[in-house]
Amino acid sequence: MLQDKIGLVLGVANKRSIAWACAESCIEHGAKIAFTYQGERLQRNVEKVTADLEDTLLIPCDVTNQAEVDAAFEAIDKKYGRLDFVIHSIAFAPREALEGEFVATTRDAFLTALEISAYSLTQIARAAKPLMKDGGSIVTMSYYGAEKVVQNYNVMGVAKSALESSTRYLANDLGRQGIRVNAISAGPLNTLSARGVKDLGGFLKHVEERSPLRRNVEAREVGDTALFLVSGLSSGITGETIYVDCGYNIMGV
Ligand code: 1JT
């Protein structure tokens, strides 16, 4: 399905990462993928996870450093000369901001969360645009807290709202170039990022009891949806947020 396609995946921290599940699904269907990482600690992890892949490219890319972002896309241009899809799976907020009351959010925590978790999509889309010569597909990761209040999700909810809205504005701008932009709203997963979350276990159990499928989503299912969104199967879909959450979001009381 993705033979001869070149993709970029941002946000692999280890084998459990949503970004890695997305990469695996795309690789299984023939894509070649470049990966970015933030900092030396994650570099070693990404090297380990991708050790068996051929024709890959690992590039440092801290989105708060524009020079690094520019260099990353230059490296992709140099090696492949083009780009067909991007999977953006990065977010950050200071740990203290993801507990207690939202009203306590500091200016610093707010700006950091919005910069890394929302603005980075626009930054990456702008850099990817000239490389997407035959059109392309950009996919980002959101969460239900963008739309409804989820205890403790706090400033990340505000950042994900901005991310979903950015997805629509980018889809409008880039549509005339044949570039589609969509978000996946994934159910909660036990990833490295989620480790920091207070009572993640209780939270996963809640979803298991309430979601129509009576279970939590698997990373592989999010990966397969990303595969669908970067493939031609979804050629008529852009600006959308697709829930991959075992149906949790459709429930009222
Ligand atoms: C971040 C973190 C973004 C955890 C995230 C996230 N998007 C979803 N999760 C999992 C999660 C987090 C909370 C939650 C439910 C799910 C941590 C690092 C920063 C970025 O609340 C019930 C807080």
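Let me begin by describing the structure that accompanies this report. Computed from a prediction, not measured in an experiment: that's the story for all the values here.

Notes on the pairing of strand 3 (residues 57-60)
Next up, step 1: Burial along strand 3 is one-sided: the face carrying Leu57 and Ile59 is buried and the face carrying Leu58 and Pro60 is not.
Next up, step 2: As judged from the 4 bridges shared by strand 2 (residues 32-37) and strand 3, these two strands associate in the parallel manner. Across the sheet, the residue bridging to threonine 36 is isoleucine 59, located in strand 3.
Next up, step 3: Handedness of the crossover joining strand 2 and strand 3 through helix 2 (residues 39-49): right-handed.

Thoughts on the site of the ligand
Next up, step 1: Near the ligand, the surroundings consist of 13 residues, among which Ala93, Gln151, Tyr153, Ser193 and Val197 are the closest.
Next up, step 2: A distance of 3.5 Å separates an oxygen atom of the ligand from a polar backbone atom of glutamine 151.
Next up, step 3: One of the side-chain N or O atoms of tyrosine 153 is found 2.8 Å from a nitrogen atom in the ligand.
Next up, step 4: Of the residues belonging to the shell around the ligand, the class tally is 10 nonpolar, 3 polar and no charged.

Some points on the sheet that holds strand 1 (residues 6-10)
Next up, step 1: As summarised here, the arrangement of the 7 strands in space is 3-2-1-4-5-6-7, forming an open sheet in which the pairing is parallel. Since the sheet does not close on itself, it has two edges, and those belong to strand 3 and strand 7 (241-244), each with one partner. Ignoring strand direction, the axes of neighbouring strands in this sheet form an average angle of 20 degrees.
Next up, step 2: One ladder, built from 4 bridges, connects strand 6 (residues 179-186) with strand 7; its direction is parallel. For serine 185, the partnering residue across the bridge sits in strand 7 and is tyrosine 243.
Next up, step 3: Contacts from helix 3 (residues 66-80) reach strand 1, strand 2 and strand 3, with the element oriented near 160 degrees to strand 3.

Parameters at a glance
- Residues numbered from 1 in each chain as written.
- Predicted model: local features only at pLDDT ≥ 70, side-chain atom pairs only at ≥ 80, totals over all residues.
- Heavy atoms only, no water.
- Buried < 20%, exposed > 50% of the residue type's maximum accessible area, 1.4 Å probe, protein only.
- Helix = DSSP H or I, 4+ residues; strand = E, 2+ residues; numbered from the N terminus.
- Pairing = 2+ DSSP bridges.
- Right-handed = clockwise from strand over helix to strand, strands pointing away.
- Near = heavy atom within 4 Å.
- Polar contact = N/O pair within 3.5 Å; in protein donor to acceptor, adjacent residues only side chain to side chain.
- Nonpolar A, V, L, I, M, F, W, Y, C, P; charged D, E, K, R; others polar.
- Axes fitted to C-alpha atoms, helices over the stretch in contact; angles between N-to-C directions.
- Contact = heavy atoms within 4.5 Å.

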